[in-house]
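Commentary on secondary and tertiary structure
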Number of protein chains: 2
Amino acid sequence: MASVNKSYLDLVDACDSFPYSDASDPNPYAQFYAFYLPSDPRPHGFLLPATVAAMPWTDEFTVDHDLKTITLNGSQDLSTIAFTHLIDTALSCNTFKLLHGEHSEPYPIIGARGIPVSLERYAAPLFGLVSRGAHLTVYTYARGGGDGEGEKEMKIWVPRRSKHLFTYPNCLDTTVAGGVTAGEGPGECVVREAGEEASLDEGFVRSNAKSVGVLSYISHRDAPGDSEKGLFSPELIYCFDLEVAPDVVCKQCDDEVKEFYLMGVQEVKDALRRGEFKTNSACVMIDFFIRHGLLTAEEEKDYAEIVARLHRRLPFPTSPDQ
Amino acid sequence: MASVNKSYLDLVDACDSFPYSDASDPNPYAQFYAFYLPSDPRPHGFLLPATVAAMPWTDEFTVDHDLKTITLNGSQDLSTIAFTHLIDTALSCNTFKLLHGEHSEPYPIIGARGIPVSLERYAAPLFGLVSRGAHLTVYTYARGGGDGEGEKEMKIWVPRRSKHLFTYPNCLDTTVAGGVTAGEGPGECVVREAGEEASLDEGFVRSNAKSVGVLSYISHRDAPGDSEKGLFSPELIYCFDLEVAPDVVCKQCDDEVKEFYLMGVQEVKDALRRGEFKTNSACVMIDFFIRHGLLTAEEEKDYAEIVARLHRRLPFPTSPDQ
């Protein structure tokens, strides 16, 4: 195998992979069908023509092939039910491989005005809706040297994902990460996942995890199946830091994590360059390095480009109750 | 005077004020002339038609009114000299009020390939080039209560600008801020300015100031004079944090600062809402609050929009030596 040497910008490119408009392609969104909620003129998602063609649309949705729009009919309080009908139908017909033939937890449409609207997690990428994750980076300061002597060095708790996972098997990951489900905030998500994934005490995490920002990017995702290549996938990753004492240990307690390592900053940087991290977790780690002064404009020529690309403005509303 | 109650998004809007492309205006850059360096197909700036009409162009520049381009002729090693000739001429003709009738320090064109190119600081906005600043937020943890009892509370050193300054007289500001000049890095800039503006020891700042990211935005600036309304002004603000002991005192030592205050977080938030901060310093403070967990997604509905807007991708190269 050829040795891999990815730059930080390469790693960001792999995550924020949907093209930006430029002179050669002023509207890279032109290929998509825009998705609209009832009585709301703002699009909330983009669907591929192949997805629109394959979807077993119910009467609750209007498809306009001239305008390239999909509109949810009726009133917004019935929208979640309309999604349930549609996804039940798609599941029973086994239309999309992305659905894995099974139901998943509800994800909200975060920019929906007023009454909340949700649909199943696995289905959200088919509609190109904004998905939300929360990542917690747990770190400590340990003394180098065998006898507890020497200067204190930052160490980061890094898990390796199980090899049986659908996505990114065996990759390195953020200490704790999960999807923010309907009705919960990013902070609650992190507390829940820290207990489930890393055996950390929920009360301790609730009191000490620090909210430090949100990454945003648009992935151009290929899922298996002809109707699922080139999905438009806008994502928000809410980031949290948690400094712990050297005696706190992260350990797996579900089957999503294979094992945890306590890695030095240079070890993490080396693993990033070798492409060992899950795509968006690499971005979370780069953002962590930037915020902690471990990656600076003086050493990284693409610093400004990297920081802007980690915080892409999404083409859909991201504020509830606008 | 009516009471002011600005939201954080209002404050970001005031700084990142140039429109984004949308359905009603897919190319908001269409009005501008694009500026090109020799042998480089990438634009580095945008000029207003009124600026192009008023500028006393020398033979070293080619103006194409059909393509709406300005191209620097010759080779890049002569570009800095060509700018000097042009700005000398504009100064002697008193063409632009923005130049204040005086010379200023050299600013680099940061995306220039190979040989560095610079022009005077006051002239850069006329060409719509990317300008760079560096801001340092100095904070401490002080005990509340009169006797040094009580819980430790974060306090931030906030200066008030002198009333005689050209820009933002009397406004509150970041502890230390300045423009990054040709040949220096953002870190060196902050060390230099911390000594000049806040009487902080340069060695201490060099060892302890932490690089924490870079903000990017595009202001739509009105300067005095008919040819200077609606300037395209893309900016990078490199951000640094410095935690100090409670006995460290920031005090003015030049005439740009009127006085320093040690303000609690809520005091700073109140002053932001009243619109008392310089426009881009308000954004630096909002970013500081976000990174320190003092402003979260749970309390701020526009959190994701604010963070993305604080890190706008600029339409020009920002990496040296591409």
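Residues numbered from 1 in each chain as written. Chains lettered and ligands numbered in written order. Predicted model: local features only at pLDDT ≥ 70, side-chain atom pairs only at ≥ 80, totals over all residues. Heavy atoms only, no water.

What follows is about empty space enclosed by the protein. Going through the model one piece at a time under the given rule, you end up with six cavities of 30 Å³ or more. Size it by volume and the largest cavity reaches roughly 160 Å³. Forming the boundary of the largest cavity are 19 residues, of which Asp287 and His311 of chain A together with Asp287, Arg291 and His311 of chain B lie nearest the centre. (1 Å grid on protein atoms, 1.4 Å probe; cavity = no way out; pocket = protein on both sides within 12 Å on 5 of 7 lines; lining within 4 Å. Points joined across faces, edges and corners; volume = space filled by probe spheres on them.)

In globular proteins that are soluble, nonpolar side chains generally tend to be buried together. Counting residues in each nonpolar core, the largest one holds 98 residues, and the members touching the most others are Ile156, Leu272 and Ile286 of chain A together with Phe35, Phe83 and Phe127 of chain B. Sort the elements by how many residues they give to this core and helix H8 (residues 279–291) of chain A lands first, with eight residues. When sequence neighbours within four positions are dropped, the list of residues in contact with Phe35 of chain B reads Arg42, Pro43, His44, Gly45, Leu47, Phe61, Ile70, Leu72, Phe83, Ile109, Phe127 and Leu129 of chain B. Grouped together as the second largest cluster of nonpolar side chains are 97 residues, Val138 of chain A together with Val12, Met154 and Ile306 of chain B included. (Core = buried A, V, L, I, M, F, W, Y, C linked by side-chain atoms within 4.5 Å. Buried < 20%, exposed > 50% of the residue type's maximum accessible area, 1.4 Å probe, protein only. Helix = DSSP H or I, 4+ residues; strand = E, 2+ residues; numbered from the N terminus. Contact = heavy atoms within 4.5 Å.)

What follows covers the interface of chain A and chain B. With 36 residues of chain A at the contact, the number on the chain B side is 36 residues. Of the roughly 2,700 Å² buried at the junction of chain A and chain B (both faces included), carbon and sulfur atoms supply 56%. Counting the surface chain A buries against chain B, the share from its top three residues, Ser211, Lys301 and Arg313 of chain A, is 20%. The tally of links between chain A and chain B comes to two salt bridges. A salt bridge links Arg313 of chain A to Glu305 of chain B, with the shortest nitrogen-to-oxygen separation between them at 3.0 Å. Of all the secondary-structure elements, those providing two or more residues to the side of chain A that touches chain B are helix H5 (186–198), strand E10 (210–222), strand E11 (229–243), H8 and helix H9 (303–309) of chain A. Taken together, the residues of the side of chain A that touches chain B break down into 14 nonpolar, eleven polar and eleven charged. (Buried area = accessible area lost by both parts, 1.4 Å probe. Salt bridge = Lys/Arg side-chain N within 4 Å of Asp/Glu carboxyl O. Nonpolar A, V, L, I, M, F, W, Y, C, P; charged D, E, K, R; others polar.)

This next bit is on the sheet that holds strand E2 (residues 45–47) of chain B. Residues and elements named next belong to chain B. If you trace the four strands from one edge of the open sheet to the other, you get E2-E1-E4-E3, paired in mixed fashion. Every interior strand has two partners, whereas the edge strands, E2 and strand E3 (61–64), have only one. Each adjacent strand pair in this sheet contributes to an overall mean axis angle of 25°, direction not counted. Of the pairings in the sheet, the one linking strand E1 (residues 33–36) to strand E4 (residues 69–72) comprises three bridges and is parallel in character. Residue pairing in the sheet places Ala34 in a bridge with Thr69 of E4. (Pairing = 2+ DSSP bridges. Axes fitted to C-alpha atoms, helices over the stretch in contact; angles between N-to-C directions.)

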